[in-house]
Amino acid sequence: MEGTYMKSYSPWITHLYNFARHKLAMGSLILLLLITICCLCAPLLTSYDPIAINLDAINKAPSSEHWLGTDKGGRDIIARLLYGGTVTLEIAFSITLLISILGTLVGTIAGYYGGKIDNLLMRLTDFVLIFPLLIFVIVLKTIFKEASILVLVVSISILSWGVCARLVRGKVLAEKVNEYITAAISIGCPPYKVILKHLLPNIMSTIVVQAILIAASMITVETSLSFLGFGVPANVPSWGNMISDAIRPQVLSHQWWIWLPAGILITLTIVAINFIGEGVKRAFNPQQ
């Protein structure tokens, strides 16, 4: 009865309904929205400057004045968490958007046209997949000492779209043999209309799920690069830069408030995004 009732709605309403039934995914979505809103509203939630040095409050333990203490520069940890979260999430979501666009574009063209175009694009994809991202970013940071966040986003994006492209290509190849695609081509529908009106809507679920999983991995990439000193510039607050303070044994063992809150937020955000991705995948494929 319930299935019959849901079939009267559009497919996207049905997908939303299936997602809402996944309690873990819904809880993760609420958690991610809460973290994102808190980061975006940082100026309203704290009066401390996340980059201003305060020599009178260096390495202070949590207190009534600084609820999560201060770091080696006397900067409030909560302020750095909120402002740093904005930077980390903006980087992760920006890279995810660029990767999804590039991967979808390359994968769709390769899968639809096939032949020499497919071979050429897949060889380019193979090069991107085997190219060492970490070494490239390290070299880039060495050449451009003050590389901006934009440079970081672009460099990671142009070397990370390979998996998405291969996945999209595989879905396009599977969809291209269906009768509705053949019918659209036979009546003279131009390629861009076949792709935009027929192919992409039917593989969108795969693209959305992949994008969600990429967002989680990009948070890890930003954190790892910043921890190693090759990510976000040191003067810009980010979760990765906060974690990098744990390199010092003194901080790691005796000043937990400097790195542990950022570590907890990174973990919660990544886990939440992965559960959301699982919920979206099940929403599009209830039989799984």
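Residues numbered from 1 in each chain as written. Predicted model: local features only at pLDDT ≥ 70, side-chain atom pairs only at ≥ 80, totals over all residues. Heavy atoms only, no water.

The name given to the protein in an unreviewed UniProt entry is ABC transporter permease, with Paenibacillus psychroresistens as the source organism. Listed in UniProt under the heading Subcellular location (unreviewed entry), the comment for the protein reads: "Cell membrane". (UniProt positions renumbered as here; feature names shortened; annotations may be inferred.)

Following the UniProt record, one finds the feature "transmembrane region" (unreviewed entry) at residues 24–45, 91–112, 124–143, 149–168, 207–236 and 256–277. Strand forms 0% of residues 124–143 and helix 90%; the C-alpha atoms that close the span are 25 Å apart. Structurally, residues 207–236 comprises 73% helix and 0% strand, and the distance from its first C-alpha atom to its last is 32 Å. (Helix = DSSP H or I, 4+ residues; strand = E, 2+ residues; numbered from the N terminus.)

This paragraph deals with a nonpolar patch on the surface. Together, Leu-31, Trp-256, Leu-260, Ile-264 and Leu-268 make up a nonpolar patch on the protein surface, roughly 400 Å² of accessible area in all. In terms of residues, the nonpolar patch owes the most to one element, helix H14 (residues 256–284), which gives four residues. Turning to its location among the elements, Leu-260 is positioned in helix H14. With relative accessibility at 31%, the residue Leu-260 sits in the partly exposed group. (Patch = residues over 30% accessible without salt bridge, like charges linked within 9 Å, V, L, I, M, F, W, Y side chains within 5 Å. Areas by Shrake-Rupley, 256 points an atom, 1.4 Å probe, with all protein chains shown as cover. Salt bridge = Lys/Arg side-chain N within 4 Å of Asp/Glu carboxyl O. Buried < 20%, exposed > 50% of the residue type's maximum accessible area, 1.4 Å probe, protein only.)

Our next topic: the environment of Phe-227. With respect to the secondary-structure elements, Phe-227 resides in helix H11 (residues 191–228). Measuring from C-alpha to C-alpha, the distance between Phe-227 and Thr-36 comes to 22 Å, with 191 residues separating the pair along the chain. Ignoring any residue separated from it by four or fewer positions in sequence, one finds Phe-227 in contact with Gly-240, Ile-243, Ser-244 and Ile-247. (Contact = heavy atoms within 4.5 Å.)

Moving on: the packing of helix H10 (residues 179–186) against H11. Close contact between H10 and H11 brings their axes to 11 Å; oriented N to C, the two are set at 175°. When the axis of H10 is compared with that of H11, the two are roughly antiparallel. Two secondary-structure elements touch here, H10 through Tyr-180, Ile-181, Ala-184 and Ile-185 and H11 through Val-194, His-198, Leu-199 and Asn-202. Per-class residue counts for the contact of H10 with H11 are six nonpolar, two polar and no charged. (Axes fitted to C-alpha atoms, helices over the stretch in contact; angles between N-to-C directions. Parallel < 35°, antiparallel > 145°, perpendicular 65-115°, else oblique. Nonpolar A, V, L, I, M, F, W, Y, C, P; charged D, E, K, R; others polar.)

Once that is clear, we can look at helix H2 (residues 11–20). Along H2, the residues that are buried comprise Thr-14, His-15, Asn-18 and Phe-19. For H2, the buried positions fall inside an angular range of 140° around the axis, keeping them on one side. (Arc of directions from axis to C-beta.)

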